[in-house]
Amino acid sequence: MLAEIKSIQWRDNAIVLIDQTLLPIIEKNIEVHSLEQLRDSIVRLAVRGAPALGVAGAFGVVLALDQARASGWSDDRLATEIDALRDARPTAVNLAWGVNQVRPLISQGRDAVLKAAQQLAEDDRLANLAMGNNGADWLVKKLGDRPLNLLTHCNTGSLATTGTGTALGVIKELAKRGKIQEVFADETRPLLQGSRLTAWELSKAEIPYRIQPDAAAAMAILGGKVDAALIGADRIAKNGDSANKIGSLGVALACHIAKIPFLVVAPESTVDRSIKDGSQIHIEIRGDEEITHIAGKQMAPDGAKTFNPAFDVTPARFITAVITELRAYEIEAGESL
Ligand code: MRU
């Protein structure tokens, strides 16, 4: 039996995270005792992936209450600190969602907030299983009951959730059914969530895979090497436009031209029905050094300017279907969410 990967959990009055910046070379947990430490862990991607950020946001409210009590914060200070946690990264709707789910319970006391946060983590785990089944069933129905070659981008597995994952959860479910030939994992520049994290999870799960530069994805897709591509999402608008890790859009365009399915797999908590399309999604722009340096070593000339968006938005017309824990939304056929 493979050891379960626990990206985020609550233990002994602290949040325990796998430090994802160190993987796959070092497997180390960090204990988070303060909001400053949590915000820092979120910004430097020690904890990352939309659903895991939702759980981090919810547990963070418990930390905030503990810190408020220990340090004598006023209600205003508490509110400001929780707002800063909610806004630590702007694109994944789940972070704000997680905070907002438990915040109204503050008046009922810290234990009520903790219980709700733990429930949110459990609900995410169960949603992963449902998405895994829905996505696997969808692919078998559309592509036939045969081993598949699948492409994925970024990391959408246990590290990004509290369960098996979203897109990677579908892949794991198909592997359980004996229906994976091979996974093509995009390395995911610039922070390598694919080659560091997805590859780590796939090797732990003993699922055959290879990593490829993001720039090889279009060639793999148009060259007939993959049957479909599956990604996760950070925010999905009502019309199906989906924000996900930078490079997802290129994968979608190639799939559209090759006429193979491009699936977005995400929990309902990632669907932001308050926005009608992707133009309203705030895209996080990250620092220059992620591009100008590799592993701390300068690679670009002094003063090189960068364009480093963490995410892109794939328009709904390039998305075959959005798979959630509830169902498959047939976006290409004109459905919205
Ligand atoms: O910057 P990251 O690593 O947090 O970006 C993560 C992604 O883009 C994931 O694909 C998305 O959050 C879905 S995770 C199930």
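Here is what the cut-offs are and how they apply
Residues numbered from 1 in each chain as written. Predicted model: local features only at pLDDT ≥ 70, side-chain atom pairs only at ≥ 80, totals over all residues. Heavy atoms only, no water. Helix = DSSP H or I, 4+ residues; strand = E, 2+ residues; numbered from the N terminus. Rg over C-alpha atoms; globule rule 2.2 N^0.38 Å. Buried < 20%, exposed > 50% of the residue type's maximum accessible area, 1.4 Å probe, protein only. Contact = heavy atoms within 4.5 Å. Areas by Shrake-Rupley, 256 points an atom, 1.4 Å probe, with all protein chains shown as cover. Core = buried A, V, L, I, M, F, W, Y, C linked by side-chain atoms within 4.5 Å. Near = heavy atom within 4 Å. Polar contact = N/O pair within 3.5 Å; in protein donor to acceptor, adjacent residues only side chain to side chain.

## A word on the overall build of the protein
1) Next: Within the protein one finds 10 helices and 16 strands.
2) Next: Relative to its length of 337 residues, the protein is compact, with a C-alpha radius of gyration of 19 Å against a globular reference of 20 Å.
3) Next: When the backbone C-alpha atoms are referred to their principal axes, the protein occupies close to 60 × 50 × 45 Å.
4) Next: The proportion of buried residues among the 337 residues of the protein is 56%.
5) Next: Considering only residue pairs separated by 6 or more positions, the protein has 75% of its internal contacts joining residues 24 or more positions apart.
6) Next: Surface summary for the protein: the accessible area is close to 14,400 Å², and the carbon and sulfur share equals 53%.

## Quick look at the nonpolar core
1) Next: I15, L38, I42 and F59 are the most contacted members of the largest nonpolar core, which totals 38 residues.
2) Next: Secondary structure elements with two or more residues in this core: β1 (8-11), β2 (14-18), β3 (29-32), α1 (35-43), α2 (50-71), α3 (75-86), α4 (93-102) and α5 (110-143).
3) Next: Element by element, the count of residues in this core is highest for α2, at 13 residues.
4) Next: Contacts of L38, omitting those with residues within four sequence positions, involve I15, V32, A56, G60, L63 and L85.
5) Next: Formed by 26 residues, the second largest nonpolar core is a distinct cluster that contains A220, I231, A266 and L337.

## Side note on the site of the ligand
1) Next: Neighbouring residues of the ligand: 17 residues in total, closest R48, A50, R89, N244 and K245.
2) Next: For the ligand, an oxygen atom lies 2.5 Å from a polar atom in the side chain of R48.
3) Next: Within the side chain of K245, an N or O atom sits 2.7 Å from an oxygen atom of the ligand.
4) Next: Alone, the ligand offers 410 Å² of accessible surface; in the complex the protein occludes 100% of this.

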